[in-house]
Amino acid sequence: MSLVMRGLMMMVLAAVLPVAAQDFGDTPYVQTPQPVVDAMLETAKVGRDDYVIDLGSGDGRMVITAAKKRGARGFGVDLDKRLVALANANARKAGVADRAKFYARDLFHTDLSAATVLAIYLLPEVNLMTRGRILALKPGTRVVSHDYGMGDWTPDVEYEMDAPGKTVGRNQRSKVLFWVVPDRMAGRWLWSMTVDGRKLPVEVLLKQNYQKLEASATIDGRALPVESATMSGTRLDLVLNIPGAGRVSFSGTRINQALDGEMVAGGTKSPWSAVRTEIIDPAHVIAPPPVIREFPL
Ligand SMILES: C[S@@+](CC[C@H](N)C(=O)[O-])C[C@H]1O[C@@H](n2cnc3c(N)ncnc32)[C@H](O)[C@@H]1O
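Model, not experiment: these values are computed from the prediction. (Residues numbered from 1 in each chain as written. Predicted model: local features only at pLDDT ≥ 70, side-chain atom pairs only at ≥ 80, totals over all residues.)

**Student:** Please clarify how the overall build of the chain should be interpreted in this entry.
**Tutor:** The helix and strand tally for the chain stands at five helices and 16 strands. For the chain, buried positions account for 36% of its 297 residues. (Helix = DSSP H or I, 4+ residues; strand = E, 2+ residues; numbered from the N terminus. Buried ≥ 20, exposed ≤ 12 C-beta atoms within 10 Å, placed from the backbone.)

Okay, here's the thing in structure tokens:
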């Protein structure tokens, strides 16, 4: 093809490609409509104590809204320097430039450790590329995503909503997906419980894949039915059916190799604690946190 023809083709392409579809990195720039931003922040229960990081922050709407409407702080990163300049200008206009900052930076070279909430609107494959790092964040960190999931890490909350003004898709609808980074809860947990005047050992074996638990239990060496075993961040909730005591619930927070909390039996609450006698690796892959020299604060 002659140089003239090639030049002409480039001009035609530039004319037909909309500005909003310009590609920076793997995920093109598409805005999250404001009602969806509001819903995402509500779903993540963002508040004054939160530090929100937006990976691929566009015009800054997520962190700016978190600062202005919810009193949070945070930053966004984007590869597109013009969008970063626009986001910082928008933060100044909104009067939150001291609490919402934007950096021209690759999300893969961004330290995420300050986040209590991570907001993303990235393509599914980019979500998957960041998943291992997200799972290595502090347990309890909340993650909220627009439209796309995290492969086999199923969300804790997922819903669809109207997305007026959305510039992609046919039906002006959006998905909101929400996760809590799970702690490493898997292992063998032991405590003792008094039933009919006898102090008996209770042992629960927990296997874990993301936040999903598979539990088996014994009391004094005899198998016990487990009614439910759920976790969120560092909190564990168990319900066991114990002969002589009935339905008993145990709730606790993990600190090192201990769980501390309370148990409820027959409507009576009492303190409860358990120790972990064996640690078992979860089935899901947790990437070691990368060494990142850039620090944005
Ligand atoms: C779908 S837009 C979302 C914009 C904004 N978060 C919102 O919801 O309105 C994705 C953004 O990610 C940015 N992006 C893509 N790859 C990136 C990367 N590797 N590092 C930082 N930003 C990236 C794009 O430039 C784009 O602005």
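**Student:** Looking at this structure, how should I read helix α5 (residues 124-135)?
**Tutor:** With 12 residues, α5 extends 16 Å between its outermost C-alpha atoms, agreeing within 8% with the 16 Å of an ideal straight helix rising 1.5 Å per residue. Considered for burial, the residues of α5 that qualify are Asn127, Thr130, Arg131, Ile134 and Leu135. Take α5 and look down its axis: the buried residues cluster within an arc of 145°, on one side only. Considering only its buried residues, α5 is in contact with β1 (51-55), β4 (117-120) and β5 (142-146). (Expected span 1.5 Å × (residues − 1). Arc of directions from axis to C-beta. Contact = placed C-beta atoms within 7 Å.)

**Student:** Please clarify how the sheet that holds β4 should be interpreted in this entry.
**Tutor:** The strands that make up a sheet are held in pairs by hydrogen bonds between backbone atoms, and each pair lies either parallel or antiparallel. With mixed pairing, seven strands are arranged side by side in an open sheet as β3-β2-β1-β4-β5-β7-β6. Two strands bound the open sheet, and with one partner strand each, they are β3 (100-104) and β6 (157-162). Mean inter-strand twist for the sheet, computed between neighbouring axes without regard to direction, equals 20°. As judged from the six bridges shared by β6 and strand β7 (residues 173-180), these two strands associate in the antiparallel manner. Across the sheet, residue aspartate 162 finds its bridge partner in β7, namely arginine 173. Where helix α3 (residues 61-70) meets the sheet, it contacts β1, β2 (73-78), β3 and β4, and its direction lies at approximately 170° from that of β2. (Pairing = 2+ DSSP bridges. Axes fitted to C-alpha atoms, helices over the stretch in contact; angles between N-to-C directions.)

**Student:** What am I meant to see in the nonpolar core here?
**Tutor:** Across soluble globular proteins, nonpolar side chains show a tendency to be buried alongside one another. Core analysis: the biggest nonpolar cluster contains 49 residues, and Met40, Val52, Val63, Ala66, Val117, Leu118 and Ala119 have the highest contact counts within it. Residues in contact with alanine 119, not counting those within four places in the same chain, are Met40, Val52, Asp54, Met62 and Val144. Of all hydrophobic cores here, the second largest spans 22 residues; its members include Ala186, Met193, Val202 and Leu236. (Core = buried A, V, L, I, M, F, W, Y, C linked by C-beta atoms within 7 Å.)

**Student:** What is the right way to look at the packing of helix α2 (residues 34-43) against α3 in this model?
**Tutor:** Look at α2 against α3: their axes get within 10 Å of each other, and the N-to-C directions meet at 65°. Once α2 is placed against α3, the crossing between them reads as right-handed. Counting all contacts with α2, which are made through Gln34, Val37, Asp38 and Leu41, the residues of α3 involved are Arg61, Met62, Thr65, Ala66 and Arg70. Among the residues forming the contact of α2 with α3, the class breakdown is four nonpolar, two polar and three charged. (Left-handed = near helix turned anticlockwise from the far one by under 90°. Nonpolar A, V, L, I, M, F, W, Y, C, P; charged D, E, K, R; others polar.)

**Student:** It is not clear to me how the pairing of strand β10 (residues 212-219) should be interpreted in this structure. Could you clarify?
**Tutor:** On any regular strand, side chains alternate: one points to one face of the sheet, the next to the other face. Where burial is concerned, the two faces of β10 differ: the one with Leu213, Ala215, Ala217 and Ile219 is buried and the one with Lys212, Glu214, Ser216 and Thr218 is not. The sheet contact formed by strand β9 (residues 198-209) and β10 spans eight bridges and is antiparallel. Paired with valine 202 across the bridge in β10 is isoleucine 219. Between the antiparallel neighbours β9 and β10 lie two residues, among them tyrosine 210 with a positive phi of about 55°. Two elements, β10 and strand β11 (residues 222-224), share three bridges in a ladder whose sense is antiparallel. When the bridges of β11 are listed, isoleucine 219 appears paired with arginine 222.

**Student:** Hey, could you run me through helix α4 (residues 81-93) in this one?
**Tutor:** In an α-helix, one full turn covers 3.6 residues, which means residues spaced three or four apart are oriented alike. The end-to-end C-alpha distance of α4, which contains 13 residues, comes to 18 Å, matching closely the 18 Å that a straight helix rising 1.5 Å per residue would cover. Inspection of α4 places Leu83, Val84, Ala87 and Ala91 among the buried residues, and these make up the whole buried set. For α4, the angular spread of buried residues about the axis comes to 105°, placing them on one side. Residues of α4 that are exposed and point over 90 degrees away from its buried face: Lys81, Arg82, Ala85 and Lys93. Here the buried face of α4 lies against α3, β2 and β3.

**Student:** Can you walk me through the confidence of the model for the chain in this structure?
**Tutor:** Caution is warranted with low-pLDDT regions, since their predicted coordinates should not be read in detail. Residues with a pLDDT of 70 or more make up 89% of the chain, whose mean pLDDT is 90. For the stretch residues 1-25, pLDDT sits under 50, and the model shows 12 contacts to residues farther than four places along the chain or on other chains. (pLDDT = per-residue confidence, 0-100.)

**Student:** Sorry if this is basic, but what is going on with the environment of proline 139 here?
**Tutor:** Within the secondary structure, proline 139 is located in the loop between α5 and β5. Proline 139 has contacts with Val181, Pro182, Asp183, Gly233 and Thr234, leaving out every residue within four places of it along the chain.

**Student:** What's the story with the pairing of β1 in this structure? I'm lost.
**Tutor:** Counting buried positions along β1 yields five of five residues, so the element is predominantly enclosed. On β1, burial covers both faces: Tyr51, Ile53 and Leu55 on one face and Val52 and Asp54 on the other are all buried. Handedness of the crossover joining β1 and β2 through α3: right-handed. Judged from the four bridges that link them, β1 and β4 form a sheet pairing that is parallel. Of the residues in β4, the one forming a bridge with aspartate 54 is alanine 119. (Right-handed = clockwise from strand over helix to strand, strands pointing away.)

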